[in-house]
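Here's the letter readout for the chains.
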Amino acid sequence: MNIQVQPVEAGRDAWHIARRWIAEHGRAALATVVSTWGSAPVPAGGHLVIGPDDRFEGSVSGGCVEADVLAEAVDIMASGKPKLLEYGISDDTAWRVGLPCGGTIKVLVEPLTRADLAHVDAIIDAREQRRSIVRVTRVADGERSLYREGDALSGDIAKALTSGIVGLIETPDGVAAVQPIVPPLRVIIVGATHIGQVFADMARLTGYGVTVVDPRAAFASEERFGASAIVADWPQASFDRIGLDARTAVVALTHASHIDDEAIAAALRAPCIYIGALGSRATNAKRIDRLKALGFGDDDLQRIHAPIGLNIGAKGPAEIAVSILAEIVKVSRGAT
């Protein structure tokens, strides 16, 4: 079988795809990376959605073992029973299907039918409402449970919700896969600038939701940012409508201090995962003084990434956009 892996399109995640295929064809299968070791090409939590007639989207290994997983999924959809697959450097199947990179992965493949639509809809609803949940699937029989923020959680489930780490756990009823499902990271770009245009495209391709905010309607136009959500208003009013949370990155790019300052101040009052501002060190020093005058302390101001982006010697809009995106990825992954 000749396999060409296609990543899930930005703005379309595995759950929406599975939901559509179940509704259209009555069944689908979901393959989830539940454990990795070494140089595994796709992290735990990666999805591959399989439908009838050789349909599939997503990836569990960047192309190494997809053909084998697809073949297994056909039998799993027919039998209605989940299966835990393992591939590694010493595994004959892994060598045959092309996993010689030194890593080991475990992939749980689950059948989904119309009887599972309520379960899938609950996950989609939580994502759209930007609420974190934990999905627990018993490997032996596919029994599923959902746990939400605010539930009385303890042990491995509470730890998973806090850490966001996908994995396998031992329960009194056997091995289970624990999958935290957190809101997708979204980026609010304040400043419909040339850098903002390039960065918006890159962020969407990475899978982030993108909203562009700028009170200057001539800048924040659909013609310039057609694929992104656009709010032609001041940052504070825009943020009040959008809402800021711990999975939101705010990127201030206007180079107009009165606009950028308003955006940064609002972001500092919220639990944003990332706050970045364009400008030189001298520009940022003046910005810090203005923010201190508004009552922000040193702990608050240390949250600002300025000058924005990783220091890679970037020149021009495209390279600067790369440096910003890389810094957001680094922060969101907890890398040091």
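If you're wondering where the values come from, they're calculated on a predicted model, not measured in any experiment.

Trainee: So what's going on with the packing of aromatic side chains? Residues and values would help.
Mentor: Inspection of every chain in the model, using the stated rule, returns zero aromatic pairs. The ring centre of F219 lies 4.1 Å from the NZ or CZ of R216, which sits over that ring.

Trainee: Residue-level account of the pairing of strand β13 (residues 248-252), with values.
Mentor: Within β13, five of the five residues are buried, which leaves the element mostly enclosed by the surrounding structure. Burial of β13 is two-sided: the residues T248, V250 and A252 facing one way and the residues A249 and V251 facing the other way are all buried. Strand direction decides the pairing type here: strand β10 (residues 186-190) and β13, joined by five bridges, are parallel. The residue bridging V187 from the neighbouring strand is A249, located in β13. Judged from the four bridges that link them, β13 and strand β14 (residues 274-277) form a sheet pairing that is parallel. What sits directly across from A249, in β14, is Y274. Crossover connection from β13 via helix α9 (residues 257-268) to parallel β14: handedness right-handed.

Trainee: A description of the layout of surface pockets should follow, citing residues and the corresponding values.
Mentor: When its volume is computed, the second largest pocket comes out at roughly 300 Å³. Forming the boundary of the second largest pocket are 16 residues, of which P307, I308, G309, L310 and N311 lie nearest the centre. When its residues are assigned to classes, the lining of the second largest pocket shows eight nonpolar, six polar and two charged.

Trainee: Could you give an account of the side chain of D68, naming the residues involved and the relevant values?
Mentor: Note that D68 resides in helix α2 (residues 66-79). What makes D68 buried here is its relative accessible area of 13%.

Trainee: Could you give an account of a nonpolar patch on the surface, with specific residues and numbers?
Mentor: Among the surface-exposed residues, L84, L168 and V175 lie close enough to one another that they form a single nonpolar patch of about 180 Å² accessible area. Relative to the elements of secondary structure, L168 occurs in strand β8 (residues 167-171).

Trainee: I'd like a description of the sheet that holds strand β1 (residues 27-37), backed by residues and values.
Mentor: Pairing between the strands of a sheet comes from backbone hydrogen bonds, and it takes one of two forms, parallel or antiparallel. The antiparallel open sheet is built from five strands, whose spatial order is β3-β2-β1-β5-β4. Two strands lie at the open edges of the sheet, namely β3 (55-58) and β4 (83-87), each paired on one side alone. In this sheet, neighbouring strand axes are inclined to one another by 20 degrees on average, regardless of whether the strands run parallel or antiparallel. Inspection of the sheet shows strand β2 (residues 47-51) paired to β3 by four bridges, in the antiparallel sense. Across the sheet, residue G51 finds its bridge partner in β3, namely R55.

Trainee: Before we move on, could you go through helix α4 (residues 117-128) and cite the residues and values that matter?
Mentor: When the terminal C-alpha atoms of α4 are compared, their 16 Å separation across 12 residues agrees well with the 16 Å that a helix rising 1.5 Å per residue should span. Among the structural elements, α1 (14-25), β5 (104-113), β6 (133-138), β7 (144-148) and β9 (174-181) are those in contact with the buried residues of α4. R130 occupies a position one or two residues after α4 and carries a positive phi of about 55 degrees.

Trainee: Quick one: what's the story with the sheet that holds strand β12 (residues 229-231), residue by residue and with numbers?
Mentor: With respect to topology, six strands assemble into an open sheet ordered β12-β11-β10-β13-β14-β15, the strand pairing being parallel. Looking at the sheet topology across the chains shown, the edges are occupied by β12 and β15 (304-305). Sheet topology places strand β11 (residues 209-213) next to β12; three bridges connect them, and they run parallel. Residue pairing for β12: T211 is matched across the bridge by A229. Across the sheet, α9 touches β10, β13, β14 and β15, and the angle it forms with β14 is around 165 degrees.

Trainee: Describe α1, with residues and values.
Mentor: The first and last C-alpha atoms of α1 sit 16 Å apart over 12 residues, in line with the 16 Å expected at 1.5 Å per residue. Turning to α1, its buried residues number three or more, namely A14, W15, I17, A18, W21 and I22. Down the axis of α1, the buried set is contained in an arc of 160 degrees. They therefore lie on one face. Sitting at the head of α1, D13 places a side-chain oxygen 3.1 Å from the backbone nitrogen of W15. Note on α1: the residue one or two positions beyond its end, G26, has a positive phi of about 85 degrees.

Trainee: Tell me what's going on with the pattern of salt bridges, and back it up with residues and numbers.
Mentor: Tallied over the entire structure, the rule returns 18 salt bridges. Note that R135 is salt-bridged to E110, the shortest N-O span being 2.8 Å. Of this pair, R135 sits in strand β6 while E110 is found in strand β5, placing the two residues 25 residues apart along the sequence. The exposure classification of R135 matches that of E110, with both residues buried. Between D125 and R131 there is a salt bridge, with the nearest N and O atoms lying 3.3 Å from each other. Taken together, the shared-partner salt bridges in this structure form one network comprising E110, D116, R135 and R144.

What counts and how
Residues numbered from 1 in each chain as written. Predicted model: local features only at pLDDT ≥ 70, side-chain atom pairs only at ≥ 80, totals over all residues. Heavy atoms only, no water. Phe/Tyr/Trp six-rings, centres within 6.5 Å; stacked < 30°, edge-to-face > 60°. Lys NZ or Arg CZ within 6 Å of the ring centre and 35° of its normal. Buried < 20%, exposed > 50% of the residue type's maximum accessible area, 1.4 Å probe, protein only. Helix = DSSP H or I, 4+ residues; strand = E, 2+ residues; numbered from the N terminus. Pairing = 2+ DSSP bridges. Right-handed = clockwise from strand over helix to strand, strands pointing away. 1 Å grid on protein atoms, 1.4 Å probe; cavity = no way out; pocket = protein on both sides within 12 Å on 5 of 7 lines; lining within 4 Å. Points joined across faces, edges and corners; volume = space filled by probe spheres on them. Nonpolar A, V, L, I, M, F, W, Y, C, P; charged D, E, K, R; others polar. Patch = residues over 30% accessible without salt bridge, like charges linked within 9 Å, V, L, I, M, F, W, Y side chains within 5 Å. Areas by Shrake-Rupley, 256 points an atom, 1.4 Å probe, with all protein chains shown as cover. Salt bridge = Lys/Arg side-chain N within 4 Å of Asp/Glu carboxyl O. Axes fitted to C-alpha atoms, helices over the stretch in contact; angles between N-to-C directions. Expected span 1.5 Å × (residues − 1). Contact = heavy atoms within 4.5 Å. Arc of directions from axis to C-beta. Polar contact = N/O pair within 3.5 Å; in protein donor to acceptor, adjacent residues only side chain to side chain.

Note that all results are geometric; they support no functional claim without further evidence.
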